[in-house]
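Spelled out from the first residue to the last, the chains are:
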Protein chains: 2
Amino acid sequence: MSVPPEEAAKDVFEVVPIIMREIRSVMRSKRPPVLTVPQYRALSFVDRNAGASLLDVANHLGLTPPSTSKLVDGLIGHGLMTREEQPVDRRRLKLAVTDRGHKDMIAARQGTLAYLTDRLRNMDEGDREVIVRAMKALHLIFTGNPKIGERWG
Amino acid sequence: MSVPPEEAAKDVFEVVPIIMREIRSVMRSKRPPVLTVPQYRALSFVDRNAGASLLDVANHLGLTPPSTSKLVDGLIGHGLMTREEQPVDRRRLKLAVTDRGHKDMIAARQGTLAYLTDRLRNMDEGDREVIVRAMKALHLIFTGNPKIGERWG
DNA sequence: TTCTAACAATTAGCCCTTCTAACTAATTAT
DNA sequence: ATAATTAGTTAGAAGGGCTAATTGTTAGAA
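A brief structural summary.

Quick look at the relation of the copies chain B and chain A
Phase 1: Screw-axis analysis of chain B against chain A gives a translation of 0.1 Å along the axis, an RMSD of 0.1 Å, and a rotation angle of 180°. Both copies of the chain, as the preceding transformation shows, are related through a two-fold rotation axis.
Phase 2: In this assembly, 100% of the residues forming the interface of chain B have copies in chain A that are likewise at the interface, indicating an isologous arrangement.

Listed below in structure tokens is the structure:
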């Protein structure tokens, strides 16, 4: 039985926003509230790419430079990231995550993964395998990058 | 080979935000900008459930009543929805989508689905089948509702 | 029956997200 | 040197989402 792209598109369009809402809600439900999703994503990227510039972050997040600038501003204001000037090219920033930023990022990740893991526990292992395969396929389609799951060792 | 829930959770956590960003970006890229994702979701729900109350919408979207009130306010301000008092219970609203709201909603859906369909076209049919199965499994897990894909006939 | 409890929706106030347009400052190229 | 490019910021707008407190409305109990 054939699966046309239209059908898959409908299902993706229906389900992805639902899961995203869950993720957002779990991330922001901590006491005290830790990180929003974009904040987490920015921290996570800079954590893995110390010394990244603002545009590096913007490109990775798919945001405009002004949006990213404001986002980074907030993170620095909360003491989670630092902004340094490079002597080489004084236009380019050198961003880095603070200890506290690293800690908060790990906490946000753990909390979210724990929640998702819990949700995915009550299903057939076969279904989980299907999900993993689907995620890999989608990752490839939407990023052009076949690598996945290497971020967190 | 066994797939532990932790692995599936990681993949979901990595891939879902990426796809969501794409969806958001496509929805907002129209000229003139049409709808945001929550606006689309609200319109779509009320379109299928004419006369719904504010709490009906809030529950379906997973938002608090104040957030939903503001959201609906915006839609009414743009002439996409109407708010009516019910004589039966004057506390309860009767929301409805205007012709223009319906049109804009269809346009947003078509645009997004066209984009997703295009992305999903360049992959094995087998991969698409895996994706469809994964979406159904995820939908069930996250909503408790096995029905999917009945929204758009 | 009147007083109270519950309910539907809104307002106010907070902070975050994201954009475009316009700007400053630094670097590279002509 | 001057012009073009690049990195990043500021300003201003519209929206998303929350909690706490408020206004009406309905239903229930004394």
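Description of the interface of chain B and chain A
Many authors give the size of an interface as the accessible area that is lost as the parts come together.
Phase 1: Across the boundary between the two partners, chain B contributes 62 residues, which contact 62 residues of chain A.
Phase 2: Roughly 6,100 Å² of surface becomes buried between chain B and chain A when both sides are summed, with 75% attributable to carbon and sulfur atoms.
Phase 3: For chain B, the biggest contributors to the area lost against chain A are Phe13(B), Glu14(B) and Phe142(B); these three give 13% of the whole.
Phase 4: Seen at the junction of chain B and chain A, the total is two salt bridges.
Phase 5: Across the pair Lys136(B) and Asp11(A) runs a salt bridge, and its minimum N-O distance is 3.3 Å.
Phase 6: Our count for the chain B to chain A interface comes out at 10 residue pairs in polar contact (both at pLDDT 80 or more).
Phase 7: Elements represented by at least two residues in the side of chain B that touches chain A include exactly helix 1 (5-27), helix 2 (37-48), helix 3 (54-61), helix 5 (99-121) and helix 6 (125-143) of chain B.

A few points about the pattern of salt bridges
Residues and elements named next belong to chain A.
Phase 1: A complete count under the given rule lists 12 salt bridges over all chains for this structure.
Phase 2: One salt bridge connects Asp89 with Arg91, and the closest N-O pair in it is separated by 3.1 Å.
Phase 3: The exposed category is assigned to Arg91, whose relative accessible area is 73%.
Phase 4: Put simply, Asp89, Arg91 and Arg92 are held in one network by salt bridges that share partners.

Some points on the nonpolar core
Phase 1: One finds Ile131(A), Leu138(A), Ile131(B) and Leu138(B) to be the most contacted residues of the largest nonpolar core, which totals 96 residues.
Phase 2: Discounting residues that sit within four places of it in the chain, Ile131(A) has contacts with Leu120(A), Met123(A), Val12(B), Ala134(B), Ala137(B) and Leu138(B).

Brief notes about the protein's contact with DNA strand D
Phase 1: Not every one of the 25 residues close to DNA strand D is listed here, only the nearest: Ser69(A), Arg83(A), Leu93(A), Thr36(B) and Lys70(B).
Phase 2: Each atom of DNA strand D within 4 Å of the protein was assigned to sugar, phosphate or base; sugar and phosphate come to 71%.
Phase 3: In the model, a phosphate oxygen of DNA strand D is placed 2.7 Å from a nitrogen or oxygen of the Arg90(B) main chain.
Phase 4: At the level of secondary structure, the elements contributing two or more residues to the surface near DNA strand D comprise helix 3 (54-61) and helix 4 (65-77) of chain A together with helix 2 and helix 4 (65-77) of chain B.
Phase 5: Of the residues in the surface near DNA strand D, the class split is 10 nonpolar, seven polar and eight charged.

Section: the protein's contact with DNA strand C
Phase 1: Around DNA strand C, 25 residues are found, and the nearest of them are Thr36(A), Lys70(A), Ser69(B), Arg83(B) and Leu93(B).
Phase 2: Here DNA strand C approaches the protein such that, of its atoms within 4 Å, sugar and phosphate make up 72%.
Phase 3: With respect to DNA strand C, the side chain of Thr36(A) contributes an N or O atom lying 2.2 Å from a phosphate oxygen.
Phase 4: In this structure, a phosphate oxygen belonging to DNA strand C sits 3.4 Å away from a main-chain N or O atom of Leu54(B).
Phase 5: Those elements that place two or more of their residues in the surface near DNA strand C are helix 2 (37-48) and helix 4 of chain A together with helix 3 and helix 4 of chain B.
Phase 6: The residue makeup of the surface near DNA strand C, split by class, is 10 nonpolar, seven polar and eight charged.

What counts and what doesn't
Residues numbered from 1 in each chain as written. Chains lettered and ligands numbered in written order. Predicted model: local features only at pLDDT ≥ 70, side-chain atom pairs only at ≥ 80, totals over all residues. Heavy atoms only, no water. Least-squares fit on C-alpha atoms with pLDDT ≥ 70 in both. Contact = heavy atoms within 4.5 Å. Buried area = accessible area lost by both parts, 1.4 Å probe. Salt bridge = Lys/Arg side-chain N within 4 Å of Asp/Glu carboxyl O. Polar contact = N/O pair within 3.5 Å; in protein donor to acceptor, adjacent residues only side chain to side chain. Helix = DSSP H or I, 4+ residues; strand = E, 2+ residues; numbered from the N terminus. Buried < 20%, exposed > 50% of the residue type's maximum accessible area, 1.4 Å probe, protein only. Core = buried A, V, L, I, M, F, W, Y, C linked by side-chain atoms within 4.5 Å. Near = heavy atom within 4 Å. Nonpolar A, V, L, I, M, F, W, Y, C, P; charged D, E, K, R; others polar.

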